[in-house]
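Spelled out from the first residue to the last, the chains are:
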Amino acid sequence: MASLEHFPIPLLGFAAFSGTGKTTLITQLLPKLTERGLRIGMVKHSHHDIEMDNPKKDSYKLRKAGACQMVLASPHRTILFAEQELAEQDEPEEPKLITQLNWLNTDELDLVLVEGFRHEEFTKIELHRPSLGKPILANEDEHIIAIATDAAIDKTDLLGRELTYLELNDINAITDFIVHYSQQG
């Protein structure tokens, strides 16, 4: 099992407060990155209980009957369902990023993008909208290497950090930055 520090391919996260536009940005970036020939894996964190399987389908019935992992395969796609181990009385724990990354077949990928998991230690781009009045995450997270913003940031707010600044609405510039980053790994 690889660690975040020794993950075999480049890993790049997007850190921001909820409502900043992480998913919107990533959905704009993915086609641009694939046009550049990158094979992208994606890991997204959710604070909600997720359920994609239909209770009327066999895969749901088999999983609920006790399969701790369920692979649903068709000519179009394969879906892996994995139950988190949880004792009846335990509170659900937040998933660890490395656990999710280890599900990926990195031999078929060039880069993994991560949405969420902002408190874990791996390289990230911060999305920052000064109009939302939220603090700059880069001041607390040394793993943030760039800030994509839609307005000027007062550099005195950055506690002396040297970061790359990207225009949040310039998808091509952000794409260039990510392609360059992926080639450094």
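Structure's up top.
Bear in mind the structure is a predicted one, so any value in this text is a computation, not a measurement. In every chain, residue numbers begin from 1 and rise along the written sequence. Restriction of local features to residues with pLDDT of at least 70 applies here, the model being predicted, together with a cutoff of 80 or more for giving and counting side-chain atom pairs; totals for whole chains, interfaces and linings are based on all residues. The basis for every side-chain value is the complete set of heavy atoms in the structure, and neither hydrogens nor water enter the calculation.

S.K.: What should I look at first to understand the side chain of His 128 in this one?
M.R.: In this fold, His 128 is placed in strand β6 (residues 124-128). Beyond its immediate stretch of four places on either side in the chain, His 128 contacts Thr 20, Lys 134, Pro 135, Ile 136, Ile 147, Ala 148, Thr 149, Asp 150 and Ile 153. Labels follow the DSSP assignment, with helices taken as runs of H or I lasting at least four residues and strands as runs of E lasting at least two, numbered in each case from the N terminus. Note on definitions: a residue-residue contact is assigned when non-hydrogen atoms from the two residues lie within 4.5 Å.

S.K.: Would you take a moment to explain the pattern of salt bridges for this structure?
M.R.: Where side chains of opposite charge bring their charged atoms close, a pairing between them can arise. Put simply, a salt bridge is a Lys or Arg side-chain nitrogen that is within 4 Å of an Asp or Glu carboxyl oxygen. Inspection of the entire model under this criterion finds five salt bridges. Put simply, Arg 39 and Asp 110 hold a salt bridge, and the shortest N to O gap is 3.1 Å. Here Arg 39, found in the loop between α1 (22-35) and β2 (40-44), pairs with Asp 110, found in the loop between α3 (97-101) and β5 (111-115); they are 71 residues apart in sequence, far enough to count as distant. Exposed residues in this analysis have more than 50% of their type's maximum accessible area, buried residues have under 20%, and partly exposed residues fall in between, with area computed by a 1.4 Å probe over protein chains only. Judged by its relative accessible area of 39%, Arg 39 falls in the partly exposed class. Owing to a relative accessible area of 24%, Asp 110 belongs among the partly exposed residues under this scheme. The residue Asp 150 makes a salt bridge to Arg 129 at a minimum N-O spacing of 2.9 Å. Note that Asp 150 is positioned in the loop between β7 (144-149) and β8 (164-167) and Arg 129 in the loop between β6 and β7, a separation of 21 residues in sequence.

S.K.: What should I look at first to understand the nonpolar core in this one?
M.R.: Within soluble globular proteins, side chains that are nonpolar tend to cluster in buried spots. Core analysis: the biggest nonpolar cluster contains 23 residues, and Phe 14, Leu 25, Leu 29, Leu 33, Leu 111, Ile 125 and Ile 178 have the highest contact counts within it. Every element with two or more residues in this core is listed here: β1 (11-15), α1, β5, β6, β7 and α4 (171-184). If you tally residues by element for this core, the top one is α4, at six residues. Not counting the four nearest positions on each side in its chain, Phe 14 is found in contact with Lys 22, Leu 25, Ile 26, Leu 29, Leu 113, Val 114, Glu 115, Gly 116, Ile 125, Leu 127 and Ile 178. Each nonpolar core is a collection of buried residues, namely Ala, Val, Leu, Ile, Met, Phe, Trp, Tyr and Cys, held together in the definition by side-chain atoms within 4.5 Å. Membership of the second largest hydrophobic core comes to 13 residues, among which are Leu 4, Ile 9, Leu 101 and Phe 117.

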